[in-house]
Amino acid sequence: MDITSLLLLGFAALGIISKNSPITIAMVVLLLLRVLGLQQTFPWLEKYGLTAGIIILTIGVMTPLASGKISLDTIWHSFLHWKSLAAIGIGMLVAYLGGRGALLMGSQPTVVAGLLIGTVLGVAFFKGVPVGPLIAAGLLSLLIGRG
């Protein structure tokens, strides 16, 4: 077994140990693609995987609005309460950081491995969710002045 497969297996084990199924599933899927000789899917996943993931995440986040669980009245009141206004501002900041992060990850691929490893470790050990690489890259771009 090659070192890349061992690394994926190690991350899958971290997912199992930390009881974090998204990490486990993602690593097992990538490992299966390698084992089954389907590496030709990797360029497509690299190019469109992030966009597809963001679409699925957005669908999940917007479902309460679409289902009627969040009403227009609730949305309107979000502009009247300080916590909701803070949430709007933080949401805008995170979107901005994600945009900077996407630019940094595209222009400086050398940082991608560190961001991914940090995200996987954060998910495994701190019960986080694997949406961190873009935001982490955005914060990094503020630190190193890129993006």
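- By the naming in an unreviewed UniProt entry, the protein chain is UPF0756 membrane protein PGRAT_17730, taken from Paenibacillus graminis.
- Under the Subcellular location (unreviewed entry) heading, UniProt states for the protein chain: "Cell membrane".

## Considerations on the packing of aromatic side chains
- Within the structure shown, the criterion is met by one aromatic pair.
- Geometrically, the ring pair formed by W44 and Y48 is tilted, given 5.5 Å between the ring centres and 45° between the ring planes. Taken together, the residues span about one helical turn, with W44 and Y48 both in helix α3 (residues 41-67) at a distance of four residues.
- On the basis of relative accessibility, which here comes to 37%, the residue Y48 falls in the partly exposed class.

## Regarding the nonpolar core
- In terms of nonpolar packing, the biggest core is built from ten residues, these being L8, F11, A12, L14, I23, M27, L31, V120, V123 and A124.
- Of all the secondary structure elements, the ones that give two or more residues to this core are α1 (3-17), α2 (21-35) and α6 (112-126).
- By residue number, the principal contributor to this core is α1, which donates four residues.
- Setting aside its immediate chain neighbours within four residues, M27 contacts L8, F11, A12 and V120.

The rules behind the values
Residues numbered from 1 in each chain as written. Predicted model: local features only at pLDDT ≥ 70, side-chain atom pairs only at ≥ 80, totals over all residues. Heavy atoms only, no water. UniProt positions renumbered as here; feature names shortened; annotations may be inferred. Phe/Tyr/Trp six-rings, centres within 6.5 Å; stacked < 30°, edge-to-face > 60°. Helix = DSSP H or I, 4+ residues; strand = E, 2+ residues; numbered from the N terminus. Buried < 20%, exposed > 50% of the residue type's maximum accessible area, 1.4 Å probe, protein only. Core = buried A, V, L, I, M, F, W, Y, C linked by side-chain atoms within 4.5 Å. Contact = heavy atoms within 4.5 Å.

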